[in-house]
Amino acid sequence: MKNFMLMVARVTGLLGTIALWIAGTGVVIMTAFIAMQVFFRYVLNSSLPWTEPAAVMIMGWFIFLGAAVGIREGYHLSFDVVLYFVPEKVKLALYTISDIVVGAFAVGMVKYGWELAERTAHNKLPSLGISGAFDFLPIVVGGCLLVLFCIERIARRASGLPTSRFGDDHEDETPKSTKAEA
């Protein structure tokens, strides 16, 4: 089981890295679009109609992809006061409950994000010329990654492997061979 989970960790780690690169690239592109808009509006006195909706759409991608990676890496916020007073087994159970709740929320993101995308698929965003469904795809993709990463965290814990938590030393989540490959 541990070997299988280490293989899964490599795959999900790669997915997380790809999502983080996409999110980071999105931040840079969004910043460039906003800078273009400021330049065109205030220097050339001619506003670009597509930069603001494009920047908002890109923002959705980096927010939801970044949130999914944050869950996987254990960087999400938590309220841990009780955890200082309970035994390790209880902590692990509470961590699993937390992951189940986050996973359930992610399932809702996928379900309702998909419904929103379906309902707006026939709408065309006038300034971009694309379907309104593209506004909701980050919710669906981010939700799918969240579900996957929550399942991974629960399965890692069940197989005896560590999972990251905010404030922990993130020394050795995966084997050194995985870190070298990533």
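Residues numbered from 1 in each chain as written. Predicted model: local features only at pLDDT ≥ 70, side-chain atom pairs only at ≥ 80, totals over all residues. Heavy atoms only, no water.

1. A look at the nonpolar core
Okay, step 1: Of all hydrophobic cores here, the largest spans 19 residues; its most connected members are Leu145 and Leu146.
Okay, step 2: Only helix 1 (2–43), helix 2 (51–73), helix 3 (88–120) and helix 4 (137–158) provide two or more residues apiece to this core.
Okay, step 3: Per element, the largest residue contribution to this core is eight residues, and it comes from helix 2.
Okay, step 4: If we ignore the near neighbours within four places in the chain, the residues touching Leu145 are Ala19, Leu65 and Ala68. (Core = buried A, V, L, I, M, F, W, Y, C linked by side-chain atoms within 4.5 Å. Buried < 20%, exposed > 50% of the residue type's maximum accessible area, 1.4 Å probe, protein only. Helix = DSSP H or I, 4+ residues; strand = E, 2+ residues; numbered from the N terminus. Contact = heavy atoms within 4.5 Å.)

2. Quick notes on the confidence of the model for the protein
Okay, step 1: Mean pLDDT over the protein stands at 86; residues scoring 70 or higher make up 90%.
Okay, step 2: Here helix 5 (residues 176–181) stands out as the element of the protein with the lowest mean pLDDT, 41, in contrast to helix 4, whose mean of 93 is the highest. (pLDDT = per-residue confidence, 0-100.)

3. Quick look at the packing of aromatic side chains
Okay, step 1: Counted according to the given criterion, the structure contains two aromatic pairs.
Okay, step 2: Ring geometry for Phe39 against Phe40: centres 6.0 Å apart, planes inclined by 80°, an arrangement best described as edge-to-face.
Okay, step 3: The residue whose ring lies beneath Arg72 is Phe149, and the NZ or CZ to ring-centre distance is 5.9 Å. (Phe/Tyr/Trp six-rings, centres within 6.5 Å; stacked < 30°, edge-to-face > 60°. Lys NZ or Arg CZ within 6 Å of the ring centre and 35° of its normal.)

4. Some details on the environment of Leu6
Okay, step 1: Mapping Leu6 onto the fold places it in helix 1.
Okay, step 2: Placed 150 residues apart in sequence, Leu6 and Arg156 show a C-alpha to C-alpha distance of 8.5 Å.

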